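Residues per chain, in single letters:
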Amino acid sequence: MKWGIERSAAITKMAEFPGCGKFIDRQYDRYLRLKFEFDWRWNRNPASHRSFSKTPPSLNSLQQRLLAELNENGVAVCHFHELLDNSDNSDLWTRLSKEIAAFTSSEQVQASIAELQGAFSEKRDASAVAHYILSYYDQNTKPLIHSGTPLLDLALNPRILDVVNSYLGMWSRLIYFDMWHTLPLNTDTRILSQRWHRDPEDRKKIRIFLYFNEVDEQAGAMEYFAGSQLGGKYQDLFPWRDPLRYPYPPERELERQI
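Anyway, here's the lowdown on the structure attached to this text. All figures in this text were calculated on a predicted structure; none of them were measured in a lab.

## Regarding the pattern of salt bridges
- All chains considered together, the criterion is met by 13 salt bridges.
- The salt bridge involving arginine 65 is made with glutamate 82; its shortest N-O contact spans 3.9 Å. Residue arginine 65 is found in helix 4 (residues 61-73), and its partner glutamate 82 is found in helix 5 (residues 80-83); the two are separated by 17 residues along the sequence.
- The exposure class assigned to arginine 65 is partly exposed, which follows from its relative accessible area of 29%.
- Note that aspartate 85 and arginine 159 form a salt bridge whose closest N and O atoms lie 2.9 Å from each other. Highlighted residues: aspartate 85 in the loop between helix 5 and helix 6 (92-104) and arginine 159 in helix 9 (residues 158-168), separated in sequence by 74 residues.
- Take aspartate 85: its relative accessible area is 53%, and that puts it in the exposed class.
- By relative accessible area, which is 23% here, arginine 159 ends up partly exposed.
- Several salt bridges converge on common partners, so that one network encompasses Lys35, Asp39 and Arg44.

Structure representation (structure tokens):
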């Protein structure tokens, strides 16, 4: 996988062949870009839009408020139990919390934290850390997801899906979910996706974040430029054009223009 675009394992392996490997990789990337454009403009998205417009979901007042804020700013916030307030979801937060606690307290995560913080402390350089996020699912191995996991119950909850599909204007597909443990590093240096960027999976997308620890400006807060979404007033500022590239604007240039 190159960012959010699915890649053939066989062709990716062929790209390692000496002599012709680089040519194969370039041609395959060209094919993937064309396939993305075809699906976006003519194949998958228009068909899903038409299907959605025939039977759109009915939204309650909170869902309507979230949808309006997403359309205006690209971001919306609400309390978990405010959105999922019926008896069917009464224990979902408890189940999610237990799953998160088991993951973050596991020997593997704690060992990784100690190792990465040790590497950072030794060099005092954020580049000594390969990544600042420890994830539960290995996306390179296509892990088996059990149907009873609370993460899946959350992601496929109709209260959430109705808002997601209404924002996208189509019947959408869930492509990813995970549990993350953010590595605490005492540094002012932004690394990887801590830098300003547009997510590379699609032109229009939606992500849902749940925090299981207290967050403030100094500890893990997500930063977002309101209005930078597709359809927002900043949609053309450092636009995302290539589905195979991760677009980082020049350092401090985004702050200068907004």
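Additional details are given in the paragraphs that follow.
## Brief notes about the nonpolar core
- Counting 30 residues, the largest nonpolar core has Leu84 and Leu154 as its most contacted members.
- Of all the secondary structure elements, the ones that give two or more residues to this core are helix 4, helix 5, helix 6, helix 7 (107-123), helix 8 (150-155) and helix 9.
- Residues within four places of leucine 154 in sequence aside, it is in contact with Phe80, Leu84, Leu92, Leu96, Ile160 and Leu210.
- Counting 6 residues, the second-largest nonpolar core is a separate cluster that includes Ile5, Tyr28, Leu32 and Phe36.

## What about helix 6?
- The terminal C-alpha atoms of helix 6, which comprises 13 residues, lie 18 Å apart, in line with the 18 Å expected from a rise of 1.5 Å per residue.
- Those residues of helix 6 lying buried are Leu92, Leu96, Ile100, Phe103 and Thr104. Looking down the long axis of helix 6, one finds its buried residues gathered within 90 degrees of arc, a one-sided arrangement.
- Turning to helix 6, the residues buried within the fold contact helix 5, helix 7, strand 1 (133-135), helix 8 and strand 2 (180-182).

## Thoughts on helix 4
- For helix 4, spanning 13 residues, the distance from its first C-alpha to its last is 18 Å, which sits close to the expected 18 Å at 1.5 Å a residue.
- Buried residues belonging to helix 4 abut helix 5 and helix 9.
- A side-chain oxygen of the first residue of helix 4 lies 3.1 Å from the backbone nitrogen of leucine 62; this N-cap is asparagine 60.
- Of the residues flanking the end of helix 4, it is glycine 74, one or two places downstream, whose phi is positive at about 90 degrees.

## With respect to the side chain of histidine 181
- Position of histidine 181 relative to the elements: it lies in strand 2.
- Setting aside chain neighbours within four positions, we find histidine 181 in contact with Phe103, Thr104, Val109, Ile113, Tyr132, Ile133 and Leu134.

## What to know about a nonpolar patch on the surface
- A surface patch of nonpolar side chains, about 770 Å² in accessible area, is lined by Ile175, Tyr176, Trp180, Phe209, Tyr211, Val215, Met222 and Tyr224.
- Looking at the element boundaries, phenylalanine 209 is found in the loop between strand 2 and helix 10 (253-257).
- On the basis of relative accessibility, which here comes to 39%, the residue phenylalanine 209 falls in the partly exposed class.

## Section: the packing of helix 2 (residues 21-41) against helix 3 (residues 44-54)
- Where helix 2 contacts helix 3, the two axes come as close as 3 Å, and the packing angle between them is 20 degrees. One way to sum up the angle between helix 2 and helix 3 is to call them roughly parallel. Along its contact with helix 2, which presents Lys35, Asp39, Trp40 and Arg41, the element helix 3 presents Arg44, Asn45 and Pro46.

Conventions used here
- Residues numbered from 1 in each chain as written.
- Predicted model: local features only at pLDDT ≥ 70, side-chain atom pairs only at ≥ 80, totals over all residues.
- Heavy atoms only, no water.
- Salt bridge = Lys/Arg side-chain N within 4 Å of Asp/Glu carboxyl O.
- Helix = DSSP H or I, 4+ residues; strand = E, 2+ residues; numbered from the N terminus.
- Buried < 20%, exposed > 50% of the residue type's maximum accessible area, 1.4 Å probe, protein only.
- Core = buried A, V, L, I, M, F, W, Y, C linked by side-chain atoms within 4.5 Å.
- Contact = heavy atoms within 4.5 Å.
- Expected span 1.5 Å × (residues − 1).
- Arc of directions from axis to C-beta.
- Polar contact = N/O pair within 3.5 Å; in protein donor to acceptor, adjacent residues only side chain to side chain.
- Patch = residues over 30% accessible without salt bridge, like charges linked within 9 Å, V, L, I, M, F, W, Y side chains within 5 Å.
- Areas by Shrake-Rupley, 256 points an atom, 1.4 Å probe, with all protein chains shown as cover.
- Axes fitted to C-alpha atoms, helices over the stretch in contact; angles between N-to-C directions.
- Parallel < 35°, antiparallel > 145°, perpendicular 65-115°, else oblique.

By themselves these figures say nothing about function.
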